[in-house]
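# Architecture and fold: a report
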Amino acid sequence: QVQLVESGGGLVQAGGSLRLSCAASGSIFSIHRMAWYHQAPGKQRELVAHITRGGRTTYADSVKGRFTISRDNAKNTVYLQMNSLKPEDTAVYYCNADITAYGGIYNDYWGQGTQVTVSS
């Protein structure tokens, strides 16, 4: 039983910042890669940022230079620092992680999503 819970979403004006957090809990043996995705109404879910256990990162072209993904392995938590926000960043943001649970069960997990709305 593993769960991911996002927090930190909300309403912000264009040019502002938000920090999203995602904490994993449950019978976790190890967490491998973690990522943030977003999905706007009527659009496909797409990758925003990805981070390996060792801290290597990748970003979608649309957020490079503005967003930063990081993780705290001691807290089983991944963050997304979102700066210089634009209205087109408005979406539901989902945390994703590959996790091995006790017993050797390896699965892909998703959080429930947190709404980010950027006003113009």
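Worth saying up front: this structure is predicted, and the values here are computed from it rather than measured. Residue numbers restart at each chain and count upward from 1, following the sequence in its written direction. With pLDDT at 70 or above as the cut-off, local features in this predicted model cover only qualifying residues; side-chain atom pairs require 80 or more to be listed or tallied, and sums for whole chains, interfaces and linings still use all residues. With hydrogens and water stripped out, all remaining heavy atoms of the structure feed into the side-chain values.

### What about the overall build of the protein?
Counting from the N terminus, the helices are DSSP H or I runs at least four residues long and the strands are E runs at least two residues long. When helices and strands are counted, the protein shows zero helices and eleven strands. Reading the helices (α) and strands (β) of the protein from amino to carboxyl end gives β-β-β-β-β-β-β-β-β-β-β. Computed over the C-alpha atoms, the radius of gyration of the protein is 14 Å, within 12% of the 14 Å expected from 2.2 N^0.38 for a compact globule of 120 residues. Overall size of the protein, expressed as C-alpha extent along the three principal axes, is 50 × 25 × 20 Å. Exposure classes here rest on a 1.4 Å probe applied to the protein chains alone. A residue is buried below 20% of its type maximum, exposed above 50%, and partly exposed in between. Counting across all 120 residues of the protein, residues that qualify as buried make up 42%. Taking the intrachain contacts of the protein between residues at least 6 apart in sequence as the baseline, contacts between residues at least 24 apart amount to 55%. Computed with the Shrake-Rupley method and a 1.4 Å probe, the accessible areas treat only the protein chains shown as cover for residues. Total accessible area computed for the protein in this model is approximately 6,300 Å², and 48% of it derives from carbon and sulfur atoms. Every radius of gyration here is taken over C-alpha atoms, with the globule rule written as 2.2 Å times N^0.38, N being the number of residues. Note on contacts: a residue pair qualifies if any of its non-hydrogen atoms lie within 4.5 Å across the two residues.

### Topic: the packing of aromatic side chains
When the centres of two rings from Phe, Tyr and Trp lie within 6.5 Å, Trp using its six-membered ring, the rings pair. Their planes under 30 degrees apart give stacked, over 60 give edge-to-face, and anything left gives tilted. As enumerated under the stated definition, the model contains two aromatic pairs in all. Put simply, a charge is over a ring when the Lys NZ or the Arg CZ is close to the ring centre, within 6 Å, and near the line of the ring normal, within 35 degrees. Residue placement shows R45 over the ring face of Y94; its charged tip is 3.7 Å from the ring centre. The ring of W110 has R45 lying over it, and the distance from NZ or CZ to the ring centre is 4.7 Å.

### Overview of the pattern of salt bridges
By convention in these notes, a salt bridge is any Lys or Arg side-chain nitrogen within 4 Å of a carboxyl oxygen on Asp or Glu. Enumeration over the complete set of coordinates arrives at four salt bridges. The partner of D89 in a salt bridge is R66, with the nearest N and O atoms 2.8 Å apart. Residue D89 is found in the loop between strand 8 (77-82) and strand 9 (91-101), and its partner R66 is found in the loop between strand 6 (57-59) and strand 7 (67-72); the two are separated by 23 residues along the sequence. Relative accessible area serves as the criterion here: at 11%, R66 is assigned to the buried category.

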